[in-house]
Every structure is written in C-alpha cells, then in structure tokens.
Amino acid sequence: MLICFMPSADYYKTLGIPKNASEDDIKKAYRKMARKYHPDLNPGNKEAESKFKEITEAHEVLSDQVKRRNYDTFGDPNGPGAQSQCGFDFSGFGDFFNFDQRPSRKGHPTPKRGEDIQRTVHISFRDAFQGVKLPIQVHRTETCKICQGIGETPGAEKQNCPTCNGTGYLHNGLSFFKSRQVCPNCGGIGRKAPPCSECQGRGRNPIHDTVTIAIPAGIEDNAKLRVASKGEAGQRGGGPGDLFLFIRVDKDAVFERKGSNLYIKRPISFSEAALGAKLEVPTPESQTTIRIPPGTQSSSKLRIKNQGMPIPKSNQRGDLFVEIQVVTPNIQDERSKELLRELAEINDHDLISNERRKP
Ligand SMILES: [Zn+2]
Ligand SMILES: [Zn+2]
C-alpha cells in the first residue's frame, strides 16, 4: 500500500518518538496517530490526509528492521543511492481498520436505513403528453407494528445475545489493529429478548403496497422519479428507503419526439408545392390547418409553435414541425406530359440552373 519514500522526512519526528524508540513504541505511536488522522474519520480534510500519509510512511519504514537500519545509516530506507518511487494507494486500509462500524451507545442499536426499490414503468405517448396518475404495485416491507421494528417480543425478558456472547461486537483478529464489527444479531446491544412472532425477529414485514405516482405532463423517456419513503422499511429505528421509478415512454405511431419538440412528415403534390396549399395536420390534441407557401421544397420543415410536448415545471410547450415531402407525379397521359413539357420550357431551365448556381 505504500510505494513512496521521501528520504528528507524525519520519520522519528513525524511519529513523535525518540531515535531509540522500541518496536512497540513505534506501533503505539502510529496506532494512536492513525486513529486520529485516518481519511475515513476526516472526510475531505486534505491536511489530515497528508498527515496520514506521512505517519504511514514513517511507520512503514521504522517498523521494518532493514528499512529502519538503511534510514538510520544512509538517510534512505532503500539504502544508498536508491531510486525513490512515488505513488500512494489507500486501498487495503479498509481491511486493516474497521472504521465503518462505529460503536453504538450502550443500549442503542445501530439504525439501518431501508434499501431503495427500483422499478421500470412503461407509459404511452399520450400519458406522457397529458401527465397521468398511475397506481404502481410494489412488494416492499414495512416496520413491524407488533414490535415497532425492534424484532423482539414486546415486554419479554432480555438474554445475552448468542451471536456475540453479550458483548455487542464481533472481533476480527487481523494484525495489531483490533477490528470489530457491530453484532448483526443484536445491533450492538448485547442482550436480546426472544424474537417477535409477527416478524420472526426481522423487525419488518412484507406488504403488498399500491403507490399512486403522479407522472408530470411532458415527462421524457428514461426520466427517473423518486417517491420518498416508499422503499424497504428501515431496521432498528432507521428510516425507510425510497422508491425509484424509471419511466419509459412508448414511441408514438404519428409523432416523433425529440425533447419537447414533435415531428411529423406529410406528403404534398408537386402542384401544391409549387402553387401553395392548405394542409390539415394532426396535433397531439386534435388537428390544425397550415398554409404551405408557394414554392415549398421537399424536406423543408414548417414550424407550428407551441404544439409540441409540455415542458415539465413550466407552462410552456415545445413546437411541432411538419416535414414536407413533395411527391413527384407519375404522369401517364399525353395531355399531362404535354403540359409539363410546356411548363418546363417556360420555367425549368432557369429554375434548375439557378439552383445549381447556389454554393
Ligand atoms: Zn415484530
Ligand atoms: Zn449480539
């Protein structure tokens, strides 16, 4: 875990011990300071972190007989002329210390928050457009009403917890740091009454719940909604988890959606495109009539303002875009062909050469 030595550091001073300190003195000094400066106990404190690195480095050197001799003799734990390598890695400390398990006050078990529940909910395009209230079936747990989540028979006499022999902790004999863990059976109390018969000691019971969720109008595909406190019940007095809903909005047959804007494609005839026309187009609620201006090109998009999806948390809406597709006539009869040729003679040469001259 330590791969960096800074030969200039005074390791004895760092640990606050004399040069003739015994191995035991070194251990004790390090242990004391490590408990004070460990990053887990000082989250976000850069000073403590660098202090912790220094004392760990000092301990790493002074607790190793060869490195300590090299350091005392040459001022470098790797011996004379050794190359320093740098880098520091906190991994491995988790096994060494067990700081996550804070001791509980005697008689107060460690509360544990309930787990979150995640569900995927599919809704139609129409429901996404209008917003919808949906009842969602959730299998979850709730705090046992008989024992109030304690998991013990109310009023029964307490006995020593068999898992931890009444100490409240489980001890892992790793290295010289005693690592201890709050007993999962009694939550650190050490004594326990017989388990509650309603919840079999779990402190919570499975329920079949119906949670009604309000999906706001305009919700996007892949949106995530949180319903507070509708997850699993907490344990030993911990609060409940949350219910997270991933919303999947089905695709619509008519409208293509991009954010709050909607897109549709509409074919028009060659003469409508050339002369202009009125066109009926669907909107999410009903339909509307738009004017196609004369000379409209294929693929051009006409915008109808405020006819897109509602924008959540506002009273605005996106726009509806109508993409025009000009259908080229498939002429069979001679009369039409003649007319088109005549039209071409009057117009097309200039028209096309104008288009081709565009950059
Ligand atoms: Zn119970
Ligand atoms: Zn126990």
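Residues numbered from 1 in each chain as written. Chains lettered and ligands numbered in written order. Predicted model: local features only at pLDDT ≥ 70, side-chain atom pairs only at ≥ 80, totals over all residues. Heavy atoms only, no water.

Considering the overall build of the protein
The secondary structure content of the protein amounts to eight helices and 15 strands. Counting all 359 residues of the protein, 35% fall into the buried class. Once local pairs closer than 6 in sequence are excluded, the contacts in the protein between residues at least 24 apart make up 65%. Surface accessibility of the protein: about 22,100 Å² in total, with carbon and sulfur atoms responsible for 49%. (Helix = DSSP H or I, 4+ residues; strand = E, 2+ residues; numbered from the N terminus. Buried < 20%, exposed > 50% of the residue type's maximum accessible area, 1.4 Å probe, protein only. Contact = heavy atoms within 4.5 Å. Areas by Shrake-Rupley, 256 points an atom, 1.4 Å probe, with all protein chains shown as cover.)

Some remarks on the coordination of the zinc ion (ligand 1)
Around a metal, the idealised angle for a tetrahedral arrangement of four donor atoms is 109.5 degrees; for an octahedral arrangement of six donor atoms it is 90 or 180 degrees. Protein-derived ligands of the zinc ion (ligand 1) are Cys 144 (SG), Cys 147 (SG), Cys 196 (SG) and Cys 199 (SG), with the metal-ligand distances lying across 2.3 Å. If you list the donors of the zinc ion (ligand 1) from N- to C-terminus, the spacing comes out as C-x2-C-x48-C-x2-C. One end of the pair, Cys 147, is in the loop between strand E2 (132-143) and strand E3 (159-160); the other, Cys 196, is in the loop between strand E6 (191-192) and strand E7 (204-215), and 49 residues separate them in sequence. Under the relative-accessibility criterion, Cys 147 is labelled buried at 5%. (Donors = N, O, S within 2.8 Å, 3.2 Å for Na, K, Ca; no water.)

A word on the environment of Ile 17
As for its position among the elements, Ile 17 is in the loop between helix H1 (11-15) and helix H2 (23-37). Sequence-wise, Ile 17 and Tyr 30 are 13 residues apart; in three dimensions their C-alpha atoms are separated by 9.8 Å. Residues in contact with Ile 17, not counting those within four places in the same chain, are Tyr 12, Asp 25, Ile 26, Ala 29 and Leu 62.

Description of the pattern of salt bridges
Applying the stated criterion across every chain yields a total of 15 salt bridges. Measuring nitrogen to oxygen at the nearest pair gives 2.9 Å for the salt bridge that ties Glu 285 to Arg 317. Within this pair, whereas Glu 285 is found in the loop between strand E12 (277-282) and strand E13 (287-292), its partner Arg 317 is found in the loop between strand E14 (301-304) and strand E15 (320-327), the two being separated by 32 residues in sequence. When salt bridges with common partners are traced through the structure, they connect Arg 113, Asp 116, Arg 226 and Asp 242 into a single cluster. (Salt bridge = Lys/Arg side-chain N within 4 Å of Asp/Glu carboxyl O.)

Focus on the sheet that holds E15
Pairing within the open sheet is mixed, and its four strands lie in the order E10-E11-E15-E14. Every interior strand has two partners, whereas the edge strands, strand E10 (256-258) and E14, have only one. On average, adjacent strands in this sheet sit at an angle of 30 degrees to one another, irrespective of strand direction. Pairing between strand E11 (residues 261-269) and E15: eight bridges, direction parallel. Across the sheet, residue Pro 267 finds its bridge partner in E15, namely Gln 325. (Pairing = 2+ DSSP bridges. Axes fitted to C-alpha atoms, helices over the stretch in contact; angles between N-to-C directions.)

Things to note about a positive patch on the surface
A cluster of basic residues, Lys 27, Arg 31, Arg 35 and Arg 180, forms a positive patch on the protein surface. When residues of the positive patch are assigned to their parent elements, the largest contribution, three residues, is made by H2. Secondary-structure assignment places Arg 35 in helix H2. Its relative accessible area of 37% is what places Arg 35 among the partly exposed residues. (Patch = residues over 30% accessible without salt bridge, like charges linked within 9 Å, V, L, I, M, F, W, Y side chains within 5 Å. Lys, Arg positive; Asp, Glu negative; His and termini not counted. Charge placed at Lys NZ, Arg CZ, Asp CG, Glu CD.)

Thoughts on helix H4 (residues 65-74)
Buried within H4 we find Arg 68, Asn 70 and Tyr 71. Down the axis of H4, the buried side of the element spans an arc of 160 degrees, and every buried residue falls inside it. Residues Gln 65, Arg 69 and Thr 73 are exposed on H4 and point more than 90 degrees away from its buried face. Where the residues of H4 are buried, they touch H1, H2 and helix H3 (46-62). Sitting at the head of H4, Asp 64 places a side-chain oxygen 3.0 Å from the backbone nitrogen of Val 66. Directly beyond the C-terminal end of H4, a positive phi value near 75 degrees is found at Gly 75. (Arc of directions from axis to C-beta. Polar contact = N/O pair within 3.5 Å; in protein donor to acceptor, adjacent residues only side chain to side chain.)

Quick word on the coordination of the zinc ion (ligand 2)
In this structure, Cys 161 (SG), Cys 164 (SG), Cys 183 (SG) and Cys 186 (SG) serve as the protein donors to the zinc ion (ligand 2), at separations of 2.2 to 2.3 Å. Coordination at the zinc ion (ligand 2) is tetrahedral: its four donor atoms span angles of 105 to 116 degrees at the metal. Between consecutive donors of the zinc ion (ligand 2), the numbers of intervening residues give the motif C-x2-C-x18-C-x2-C. Its relative accessible area of 1% is what places Cys 183 among the buried residues. (Tetrahedral: all angles 85-135°; square planar, octahedral: opposite > 155°, others 65-115°.)

Considerations on the packing of aromatic side chains
Counted by the stated rule, this structure contains two aromatic pairs. Taking the centre distance of 5.9 Å and the plane angle of 20 degrees together, the rings of Phe 125 and Phe 255 count as stacked. One end of the pair, Phe 125, is in helix H6 (residues 125-130); the other, Phe 255, is in the loop between strand E9 (243-249) and E10, with 130 residues separating them in the sequence. Note on accessibility: Phe 125 and Phe 255 belong to one class, buried. A cation over an aromatic ring shows up here: Lys 224 above the ring of Phe 244, its NZ or CZ 4.9 Å from the ring centre. The ring centre of Tyr 263 lies 4.8 Å from the NZ or CZ of Lys 258, which sits over that ring. (Phe/Tyr/Trp six-rings, centres within 6.5 Å; stacked < 30°, edge-to-face > 60°. Lys NZ or Arg CZ within 6 Å of the ring centre and 35° of its normal.)

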